[in-house]
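# Structural characterization, general
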Amino acid sequence: MAEKTSPENETGSLWAPLAQPLFASLWLAMLVSATGGWMHETAAGWLMTSLTPSPAIVALVQTANTFPIFLFALLAGALADRADKRRFLIIVNTGLALLVFLFALLVAADRVTPLTLVIFTFLIGSGAAFSAPAWQALMPELVERERLRSAIALNSLGINISRAIGPAVAGFMIAGISMAAPFMVNAATYLVVVAVLLLWRRKPAPHRSGPPEPILTAIGTGLRHALHNDPLKETILRAAAFFFPASALWALIPVIARALPDSGASVFGAMTASVGAGAVAGALVLPKLRERWDSNALALASAGLMALTLPLLGMAQGRIAVLCCCFLAGTAWIASLTSFNFSAQTALPAWVRARGLSIFMMAFFGSMTVGSLCWGQVAQWFGVGEAMTAAGLLLALLALVTRHIRLGAAEGLDLTPSMHWPAPAMVLGPEDADGPVMISIEYRVPPENTAAFRSLMRKLRGERFRDGAYEWGLHRASDEATLWLEWFLVSSWEEHLRQHERVSEADRQLQERISALLADEASRHVRHWLADV
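About the criteria used
Residue positions within a chain follow its written sequence, with the count starting from 1. Local features are withheld for residues below a pLDDT of 70 in this predicted model, meaning they are given only at 70 or higher, and side-chain atom pairs are given and counted only at 80 or more; totals for whole chains, interfaces and linings count all residues. Processing note: side-chain calculations cover all non-hydrogen atoms of the structure and skip hydrogens and water entirely. Labels follow the DSSP assignment, with helices taken as runs of H or I lasting at least four residues and strands as runs of E lasting at least two, numbered in each case from the N terminus. The quantity called the radius of gyration is restricted to C-alpha atoms. Its globule counterpart is 2.2 Å times the number of residues to the power 0.38. Between buried and exposed lies partly exposed: a residue is buried under 20% and exposed over 50% of the maximum accessible area for its type, with that area taken using a 1.4 Å probe on protein chains only. Contacts are assigned to residue pairs with any non-hydrogen atoms lying within 4.5 Å of each other. The Shrake-Rupley method, run with a 1.4 Å probe, gives the accessible areas here. Residue values count only the displayed protein chains as cover. Here Asp and Glu are counted as negative and Lys and Arg as positive; His is not counted, and neither are the chain ends. Lysine's charge is taken at NZ, arginine's at CZ, aspartate's at CG and glutamate's at CD. Note on definitions: salt bridges are taken to be side-chain nitrogens of Lys or Arg within 4 Å of carboxyl oxygens of Asp or Glu. Any Phe, Tyr or Trp ring, taking Trp's six-membered ring, that has another such ring centre within 6.5 Å forms a pair; planes under 30 degrees apart are called stacked, those over 60 apart edge-to-face, and the others tilted. Here the axes come from fitting lines to C-alpha atoms, over the contacting stretch only for helices, and the angles between their N-to-C directions go from 0 to 180 degrees. Just so you know how the angles are binned, under 35 degrees is roughly parallel, over 145 roughly antiparallel, 65 to 115 roughly perpendicular, and the rest oblique. By convention, the crossing between two helices is left-handed when the near helix turns anticlockwise from the far helix through less than a right angle, and right-handed when the turn is clockwise. A helix is expected to span 1.5 Å multiplied by its residue count minus one. Bend at a given residue is defined as the angle between two axes, one fitted to the seven residues that end at that position and one fitted to the seven that begin there. A strand pair is defined by DSSP finding two or more bridges across the two strands. Amino acids are sorted into nonpolar (Ala, Val, Leu, Ile, Met, Phe, Trp, Tyr, Cys and Pro), charged (Asp, Glu, Lys and Arg) and polar (every other residue, Gly among them). Grouping buried Ala, Val, Leu, Ile, Met, Phe, Trp, Tyr and Cys residues that are joined through side-chain atoms within 4.5 Å yields what is termed a nonpolar core. The patches described consist of residues with a relative accessible area above 30% and no salt bridge, like charges being joined within 9 Å and nonpolar side chains (Val, Leu, Ile, Met, Phe, Trp, Tyr) within 5 Å.

Before going further, it helps to spend a moment on the overall build of the chain. Scanning the chain from terminus to terminus reveals 18 helices and four strands. Relative to a compact globule of 533 residues, whose C-alpha radius of gyration would be 24 Å, the chain shows 25 Å and is just as compact. If one aligns the C-alpha atoms of the chain with their principal axes, the spans along those axes are about 85 × 50 × 45 Å. Taking all 533 residues of the chain together, 56% fall into the buried category. Taking the intrachain contacts of the chain between residues at least 6 apart in sequence as the baseline, contacts between residues at least 24 apart amount to 85%. As displayed, the chain offers around 22400 Å² of accessible surface, 65% of which is attributable to carbon and sulfur atoms. Taking the average place of the 40 positive charges on the side chains of the chain and the average place of its 39 negative ones, the gap between the two points comes to 6 Å.

What follows deals with the pattern of salt bridges. All chains considered together, the criterion is met by nine salt bridges. Asp-230 serves as the salt-bridge partner of Lys-233, at 3.4 Å between the closest nitrogen and oxygen. Of the two residues, Lys-233 and Asp-230 are both situated in helix 9 (residues 230–246); the distance of three residues between them amounts to about one turn of the helix. Residue Asp-230 is classed as partly exposed on the basis of its relative accessible area of 45%. One salt bridge in this structure joins Arg-498 and Glu-495, with 2.8 Å as the shortest N-O distance. Of this pair, Arg-498 and Glu-495 both sit in helix 17 (residues 493–502), three residues apart, which is roughly one turn of that helix. An identical accessibility class is assigned to Arg-498 and Glu-495; each is buried.

For the rest of this paragraph, the subject is the packing of aromatic side chains. Going through the model one piece at a time under the given rule, you end up with 16 aromatic pairs. Look at Phe-244 and Trp-375: their rings are 5.9 Å apart centre to centre, the planes differ by 45°, and that puts the pair in the tilted class. Placement of Phe-244 in helix 9 and of Trp-375 in helix 14 (residues 353–382) is noted, with a sequence separation of 131 residues between them. Connected via pairs of aromatic rings, a cluster forms that spans Trp-38, Phe-242, Phe-243, Trp-250, Trp-333, Phe-340 and Phe-364.

Attention shifts here to the packing of helix 9 against helix 14. Helix packing for two helices is described by the angle between their axes and how far apart those axes are. At a minimum axis separation of 8 Å, helix 9 and helix 14 run at an interaxial angle of 20°. As summarised for this structure, helix 9 and helix 14 are arranged roughly parallel, according to the angle between their axes. Crossing of helix 9 against helix 14: the hand is right-handed. Where helix 9 approaches helix 14, its residues Leu-232, Thr-235, Ile-236, Ala-239, Ala-240, Phe-243, Phe-244 and Pro-245 are matched on the opposing element by Gly-356, Ile-359, Phe-360, Ala-363, Phe-364, Ser-367, Met-368, Val-370, Gly-371, Cys-374 and Trp-375.

So, about helix 5 (residues 114–142). The end-to-end C-alpha distance of helix 5, which contains 29 residues, comes to 41 Å, matching closely the 42 Å that a straight helix rising 1.5 Å per residue would cover. The largest bend along helix 5 measures about 30° and falls at Ser-131, with the proline Pro-133 one to four residues further on.

Here we take up the sheet that holds strand 4 (residues 525–530). Read from one edge of the open sheet, four strands run 2-3-1-4, paired in antiparallel fashion. Where the open sheet ends on each side, the last strands, each with one partner, are strand 2 (471–476) and strand 4. Each strand axis lies, on average, 15° off the axis of its neighbour in the sheet, ignoring direction. When strand 1 (residues 437–444) meets strand 3 (residues 483–490), the two strands line up antiparallel, connected through eight bridges. What sits directly across from Tyr-443, in strand 3, is Trp-484. Helix-sheet contacts for helix 17 involve strand 1, strand 3 and strand 4, and the interaxial angle to strand 3 is about 115°.

A separate point is the packing of helix 16 (residues 450–466) against helix 18 (residues 505–515). Two elements in contact, helix 16 and helix 18, have axes whose closest approach is 10 Å; the angle formed by their N-to-C orientations is 150°. As far as their axial angle goes, helix 18 and helix 16 are roughly antiparallel. Note that helix 16 runs across helix 18; the crossing there is left-handed. Along the contact surface, helix 16 presents Phe-453, Leu-456, Met-457, Lys-459, Leu-460, Glu-463, Arg-464 and Arg-466, while helix 18 presents Asp-507, Leu-510, Gln-511, Arg-513 and Ile-514. Of the residues assigned to the contact of helix 16 with helix 18, the class counts are six nonpolar, one polar and six charged.

What follows deals with the environment of Arg-82. Mapped onto the fold, Arg-82 is located in helix 3 (residues 55–82). On the basis of relative accessible area, Arg-82 is assigned to the partly exposed category, the value being 33%. Measuring from C-alpha to C-alpha, the distance between Arg-82 and Ala-218 comes to 8.4 Å, with 136 residues separating the pair along the chain.

Let's shift gears to the side chain of Gln-511. Along the chain, Gln-511 turns up in helix 18. A relative accessible area of 9% places Gln-511 in the buried class. Those residues in contact with Gln-511, other than ones at most four positions away along the chain, are His-420, Trp-421, Leu-460, Glu-463, Arg-464 and Val-503.

Turning next to the nonpolar core. Phe-242, Phe-243, Met-306 and Trp-333 are the most contacted members of the largest nonpolar core, which totals 87 residues. If near-sequence neighbours (up to four positions away) are discounted, Phe-243 is found in contact with Trp-333, Leu-337, Phe-340, Phe-364, Ser-367 and Met-368.

Turning to the pairing of strand 2, a few remarks are in order. Summarising the sheet, strand 2 and strand 3 pair through six bridges and their orientation is antiparallel. If you follow Gly-473 over to strand 3, its bridge partner there is Trp-487. Hairpin connection, strand 2 to strand 3: the antiparallel pair is bridged by six residues.

Taken together, the side chains of Trp-15, Leu-284, Val-285 and Leu-289 define a hydrophobic patch exposed on the protein surface, amounting to about 340 Å² of accessible area. Of the residues examined, Leu-284 reaches a relative accessible area of 43% and is grouped as partly exposed.

This is the structure:
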């Protein structure tokens, strides 16, 4: 196993971010809201099992909960990168409180059908889809980079503390009060988040040189950035290979609970709570594990544990055995989720973080959505035990196939803006800059540096696309062997000005390595070309 120095050792314990009052207050608010969310999800799953015995239809609850994030996350990320994230979250959480309260009233009136439940689950999941990228993108704003891994682990810990508490409370409330009670409580928890956000006086965002990006342009820029961001793509591939088979856990756990002898809502709540308890225990030991294992080794070990646990859970008969399997599944889940989340966070600069994380979440929840549908159907055709066994075997196979793909490849990169590009000259009027802009750069490269120049320019190509270009080319003069021309296109003059603000310190270091290969610095000549037809 690869040795690694834990960031927690450098900046304090796992709990260090809680010393910052803003992070602590938002973390507690999210803990309350997540507890209400797990109460809601547990009650919704149990409600569906009382409405229909079909495993495929029961699994639709999980599908309806995760599909909206796959569907809307990219739009949500673009909105979050453009808007004031605090105001954005206040609006979304207020809307969710009203929506959940309306659903609770329908449950109390006994007016819910399987279709109604799926529709409301989809709508509530859509609200979560619009808020999730903004929450994720705020994380580096709340803590220093050195404490980011601890903050992410604490965020996951909070979710899983709520997972340990919420389902158990929901089970007791369903049995002792009413089916509608968990939904009522969940509606109130959104208002707790709104109250904390209203008290937060967020610092103004850095001044931008031009107007906000048009929403479609912002989405296209985010997609191109992700397409050319190798550390992010590697993280997404590893995550999808884990979450597709692991989704069988959440899709089929209500069916497993219903099949237990003398089962009830409290048993289902205890199973989900056991998953949460395992995740809490896993989060507490993760700092120690990271002292010995790197992210890749930890992700592989957690995939192996989940691959072993899924078949055991499908075959378990007694409650104790089932609860133990759920505990182990939660431990594996938190280790994987934290590793993937941190790898995605560190791969993205601030200006595109919400969009990049939304794409990561699309892969995450897309895998969960498709997986829930698939494992629900497999359970319908062959049985729950067989579906869980197949999911475990597939997870083990995918973990072995993808083990060479690195996580955390961008941890050592400085993605803060370098601001080293000089302001571009503009002698024409704004009316002349309506349309695409081409930037051309001439280089004079000594023959002995040609191979190294080509290699670095291939890397620079990705940087141009990540920062906003939509076309790029490199040409060599036919009549002068040392003369090279690079060109790239951006959608507008405003977009090129944004490009100046996006270039990172890591990009600057790459450009300096290229400059060192030139005949002299004066041989690098930049021009800006405006569309005229």
